[in-house]
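Observations on chain architecture
So the chains spell out like this:
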Amino acid sequence: QNVFTAFKRGYQPTHSYQQSSVQSSVQSEDQTQAEAIPDDLSMNSLDEFQTKEIEWVIPGYVPRKQITILAGTGGTGKTSLWCSLISSLSNGQPTIMEGYSPKQIERHPVKCMFFSAEDTVEEVLKKRMEKNRAFMQNIMTISIDDPRFDKVKFANGFLEKLLEKYRPEIVVFDPLQNFIDGSIKMSDRNAMRQQMRKLIEYGSKYETAFLIVMHTNKQSGTWGRTRMSDSADIWDIARSVLMLGEADKDQSLAYVSQEKCNYGQTMQTVIFKNVGGVPAFENYTNDKDRDFVMRDLKNKKDDKNSVNEDIESAENMILSILSENDGKIRSKDADEELKLIGYTSYAIRKAKEALKKANLIKYSKSGMTDWFMEKVK
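Here is a short report on the structure shown in this document. These numbers were taken from a predicted model, which means no experiment stands behind them.

Across its full length, the protein carries ten helices and 14 strands. The buried share of the protein, taken over its 377 residues, is 41%. Restricting the contact set of the protein to residue pairs at least 6 apart, pairs at least 24 apart contribute 63%. Entry remark: accessible area of the protein is about 21,800 Å², with carbon and sulfur atoms responsible for 47%.

Following the sequence through the fold, Leu-360 ends up in the loop between helix H10 (345-357) and strand E13 (361-366). Residue Leu-360 is classed as partly exposed on the basis of its relative accessible area, which comes to 36%. Measuring from C-alpha to C-alpha, the distance between Leu-360 and Lys-377 comes to 7.9 Å, with 17 residues separating the pair along the chain. Setting aside residues no more than four positions away along its own chain, Leu-360 makes contact with Leu-355, Glu-374, Lys-375 and Val-376.

Once that is clear, we can look at the pairing of E13. Two strands pair when backbone bridges link them, and E13 and strand E14 (residues 370-375) are joined in this way by six bridges, in the antiparallel orientation. Bridging across to E14, Ile-361 finds its partner in Lys-375. In sequence, E13 turns back onto E14 through a hairpin of three residues, with Gly-367 there showing a positive phi of about 70°.

Quick look at the packing of aromatic side chains now. A full pass over the atoms with the stated rule returns eleven aromatic pairs. Members of the aromatic cluster, connected to one another through ring pairs, are Phe-115, Phe-149, Phe-154, Phe-173, Phe-179 and Phe-210. Residue placement shows Arg-295 over the ring face of Phe-292; its charged tip is 5.3 Å from the ring centre.

Cut-offs used in this document
- Residue numbers run consecutively from 1 along every chain, following the written order of its sequence.
- Where totals are concerned, whole chains, interfaces and linings use all residues; where local detail is concerned, this predicted model gives features only for residues with pLDDT of at least 70, and gives and counts side-chain atom pairs only at 80 or more.
- Calculated side-chain values reflect all of the structure's heavy atoms, with hydrogen atoms and water omitted.
- Strands here mean DSSP runs of E at least two residues long; helices mean DSSP runs of H or I at least four residues long; both are numbered from the N terminus.
- The cut-offs for exposure are 20% and 50% of the maximum accessible area for each residue type, with area from a 1.4 Å probe on protein chains only; residues under the lower value are buried, those over the upper are exposed, and the others partly exposed.
- We call two residues in contact whenever any of their non-hydrogen atoms come within 4.5 Å of each other.
- Areas reported here follow the Shrake-Rupley algorithm with a probe of radius 1.4 Å; residue values treat only the protein chains shown as occluding.
- One requirement defines pairing of two strands: DSSP has to find at least two bridges between them.
- Pairing of aromatic rings covers Phe, Tyr and Trp, the last counted by its six-membered ring, and requires centre-to-centre distances within 6.5 Å; plane angles under 30 degrees mean stacked, over 60 mean edge-to-face, and any other angle means tilted.
- Charge-over-ring placement is defined geometrically: NZ (Lys) or CZ (Arg) within 6 Å of the ring centre, and within 35 degrees of the ring normal.

Purely geometric numbers; function is a separate question.
Right, here's the structure in full:
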């Protein structure tokens, strides 16, 4: 008869499973943890550190050794912009962010590196660099059709070896998703931080700045951080965040708004015109991403004939307003802001009803009269 050994009458085990398997596993784990603790416990007092000023690759906009995010929806000119930036840096000229002003600080040509998973070098990117008068010998890349391209990831040794060999002033990654581990979800804050902190380590070691290109979400009526809601930790770990969008109704102008800067006040927004793939500086403005988004919403509202579309737009705007106010705002204040944009009382009321029915918002009362609207987590 074929009977499992353990089921035979009178079976006696030859060893203890608990002792040989579980205990040895625990001992092995304890040993690993013990080995991971450094023997050197020395520390430095602050008087031993030298105070240093923040250095910039592009003054005020792109800090050296750190991560800068360039985010925008498709078709707004992200590729044209970063091609223009590294072209100017490669030949030692002021970038579009500096308005091509001859009064800017003197700059010398520097080495640049880029990795693009969206366009080929031969058919697209080299032509754009040529139009922007890049110094080709100063720009390094690995083409997307090279088998090694898929090895270029933030958290692996291949990227570091490239940085160590070429020592670029700046590296562009376009887009973000292609250079993180395939098993990582962008909404996983801990995992994304582990991926991104390697770039900070590389930046400090090789004095390199990193410009990471991102697509924003497609939710209408959002601005700033909310446009990157699926990647909250990216916003947190970046030292500078640049948002790109359309600056006018006929889409002839674009803007680059600095929405975050950890080293001082945000810089003015750059307005530029894309002339045949070459961004041309127009002017500066104090308007930010929010101003352009709200203006665009109002323009779209003026063109709408459908009440249902108006209500749906108001729903998105309510969620955006809540996000901008840490998820909670006095209901009356939200109504006033929506009316300033141009929404009718009817659209606002219907939008609130729809959001409450979908369990996306809830209400709470404070005192005798104040009602607060809150985003359901």
